[in-house]
Amino acid sequence: MDPAPLFPRPRLFQNLLLLLWALLNCGLGVSAQGPGEWTPWVSWTRCSSSCGRGVSVRSRRCLQLPGEDPCWGDSHEYRLCQLPDCPPGAVPFRDLQCALYNGRPVLGTQKTYQWVPFHGAPNQCDLNCLAEGHAFYHSFGRVLDGTACSPGAQGVCVAGRCLSPGCDGLLGSGALEDRCGRCGGANDSCLFVQRVFRDAGAFAGYWNVTLIPEGARHIRVAHRSRNHLALMGGDGRYVLNGDWAVSPPGTYEAAGTHVVYTRDTGPQETLQAAGPTSHNLLLQVLLQEPNPGIEFEFWLPQERYSPFQARVQALGWPLRQPQPREVEPQPPAAPAVIPARTPTLAPDPCPPCPDTRGRAHRLLHYCGSDFVFQARVLGRHRQAQETRYEVRIQLVYKNRSPLRAREYVWAPGHCPCPMLAPHRDYLLAVQRLVSPNGTQDRLLLPHAGYARPWSPAEDSRVRLTARRCPI
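Residues numbered from 1 in each chain as written. Predicted model: local features only at pLDDT ≥ 70, side-chain atom pairs only at ≥ 80, totals over all residues. Heavy atoms only, no water.

By the naming in an unreviewed UniProt entry, the protein goes by ADAMTS like 5 and is assigned to Macaca mulatta. In its Subcellular location (unreviewed entry) section, UniProt records this for the protein: "Secreted". (UniProt positions renumbered as here; feature names shortened; annotations may be inferred.)

Structural data, given as structure tokens:
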């Protein structure tokens, strides 16, 4: 291994330009408002290792005038660099660091030891080394950046912390693939297919349930009966439970993905696969008793949904769309009445809402919500102890299931907090509320929840929050 410094040397010319920029702005009397501004990122440093895995870093500086808040975001970013494998017999990086202390006096005595890595200590990013032939270990400080946290682990140590790479390759970013397979996406490039196959079947044997199309992700099938799920590949050969033979539970290769088949004594059977599938699969059921219902779901790229629908219709299978959210019927409009010129009492004003500003509040509601989106309020209707907003979805940041172009958002109380004004755009963090009997499926804006007038600054804040919270 060949460790390299992670931080670039300061550039004199760049520092002079930054100083000149700050003096000019101060001299012109520019008022300081909001956070400071970041300089552009400098180039990525050389990898900390010469083979295997290592770490590279880049940095930026915050230009902050007197009275300005600190810049939002991080001053350093670390990414994993993957180099060709180290040659057979090469000494592992942590072993090499322990071996540097071989034959050197330590612990305040003249005794010397041979040191090997010790992985049982609390902090795995300390250089904990065991004295060979003795029952003690010693910590020599932090390991060098780019050292694996533990054998076989994905995380690597950076500045004494164990960081795992996100799907963007940045260490500690927490970036995850969404259900569509996009890094840091908001589930807005694919559709969620969720249905129940209830046909009872007129005879024992194989019955078609659904086509699982090419490109499907996060596939899940489940049922509880003595029947058996069967899966057929695009070549007409069964992957499992075909030809009247029951396959053992386990993991099967099919359409470029791993299908995990489980069966218990419940009796319950499940099929699960991460996907994406490389070609179509046919899901069937081998009926031995009346079918109580087979639940299946998967996520599908938007451009593949229409061909999937057409193929299913051509095969003569019923299309069971998800039930729409309950929409209350509006009462018929009353005839226009000229109001009498009598004095009326003004309604009691709503009490002030609690203060819900701040980064911690935004992070709490973003991480705990099922949906985060920008929406325009089209109308507001108060009834009993609830307020219903009709909104048009503009931009989706996070969603656990598909959203329609127009939705209803419900808020508790006749005077909800926060109160949304019609004909304005907001950034909303809402939860999905399904009644126990499944008859109501609502989007709920909780009391003192997160609702902010939308602006470019709010867009930047929520995107930064998304990086700190898993989807």
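Continuing now.
*Asks:* How would you summarise the packing of aromatic side chains if you had to cite specific residues and measurements?
*Replies:* Inspection of the entire model under this criterion finds eleven aromatic pairs. Note on Tyr113 and Phe136: the rings are 5.3 Å apart at their centroids and 85° apart in plane angle, and the pair reads as edge-to-face. Pair noted here: Tyr113 is in the loop between α2 (93-99) and β5 (115-117) and Phe136 is in the loop between β6 (126-131) and β7 (137-142), with a separation of 23 residues, a long-range link. Looking at Phe136, the relative accessible area reads 26%, which means it is partly exposed. With a centroid separation of 6.2 Å and 80° between ring planes, the pair formed by Trp115 and Phe136 is classed as edge-to-face. With Trp115 in strand β5 and Phe136 in the loop between β6 and β7, the pair connects residues that are 21 residues apart, well separated along the chain. Take Trp115: its relative accessible area is 3%, and that puts it in the buried class. Site record: aromatic cluster; members linked through ring pairs are Tyr101, Tyr113, Trp115, Phe136 and Phe140. (Phe/Tyr/Trp six-rings, centres within 6.5 Å; stacked < 30°, edge-to-face > 60°. Helix = DSSP H or I, 4+ residues; strand = E, 2+ residues; numbered from the N terminus. Buried < 20%, exposed > 50% of the residue type's maximum accessible area, 1.4 Å probe, protein only.)

*Asks:* An account of the state of the cysteines is needed here, citing residue identities and associated values.
*Replies:* A full pass over the atoms with the stated rule returns eight disulfides. One disulfide in the model links Cys62 with Cys71; its S-S distance is 2.1 Å. Linking Cys62 and Cys71, the disulfide has an S-S dihedral of approximately 85° and is accordingly described as right-handed. Between the sulfur atoms of Cys180 and its disulfide mate Cys190 the distance is 1.9 Å. On the sign convention where negative is left-handed, the bridge of Cys180 and Cys190, at about -75° about the S-S bond, is left-handed. In this pair, Cys180 sits in the loop between β9 (161-163) and β10 (190-197) while Cys190 sits in strand β10, placing the two residues ten residues apart along the sequence. (Disulfide = S-S within 2.5 Å.)

*Asks:* Break down the pattern of salt bridges for me, with residues and values.
*Replies:* Inspection of every chain in the model, using the stated rule, returns twelve salt bridges. The closest approach of N and O atoms between Asp441 and Arg432, which form a salt bridge, is 2.7 Å. Judged by its relative accessible area of 16%, Asp441 is buried. What makes Arg432 partly exposed here is its relative accessible area of 38%. Across the salt bridge formed by Arg461 and Glu458, the nearest N and O atoms sit 3.0 Å from each other. (Salt bridge = Lys/Arg side-chain N within 4 Å of Asp/Glu carboxyl O.)

*Asks:* Which residues make up unusual backbone geometry, and what are the values?
*Replies:* In this chain, Gly275 is followed by Pro276 through a cis amide linkage whose omega measures 0°. By the element assignment, Pro276 lies in the loop between β17 (268-273) and β18 (281-287). Cis geometry is found at the peptide bond from Cys417 to Pro418, where omega equals 0°. In this fold, Pro418 is placed in the loop between β22 (406-412) and β23 (425-434).

*Asks:* Describe in detail the sheet that holds strand β11 (residues 205-212), supporting the description with residues and values.
*Replies:* Here we have four strands laid out as an open sheet, ordered β11-β18-β13-β14, and antiparallel in their pairing. Looking at the sheet topology across the chains shown, the edges are occupied by β11 and β14 (238-240). If you compare each strand with its neighbour and ignore which way they point, the axes differ by 35° on average. Where strand β13 (residues 228-232) and β18 come together, five bridges link them in antiparallel fashion. Note on β18: the bridge partner recorded for Leu231 is Leu283. (Pairing = 2+ DSSP bridges. Axes fitted to C-alpha atoms, helices over the stretch in contact; angles between N-to-C directions.)

*Asks:* Describe the environment of Gly73, naming the residues involved and giving the relevant values.
*Replies:* Mapped onto the elements of the fold, Gly73 is located in the loop between β3 (62-63) and β4 (76-82). Gly73 gets classed as partly exposed once you look at its relative accessible area, which sits at 30%. With eleven residues separating them along the chain, Gly73 and Cys62 place their C-alpha atoms 9.8 Å apart. With sequence-adjacent residues up to four places away left out, Gly73 is seen in contact with Trp38, Arg60, Leu464 and Arg468. (Contact = heavy atoms within 4.5 Å.)

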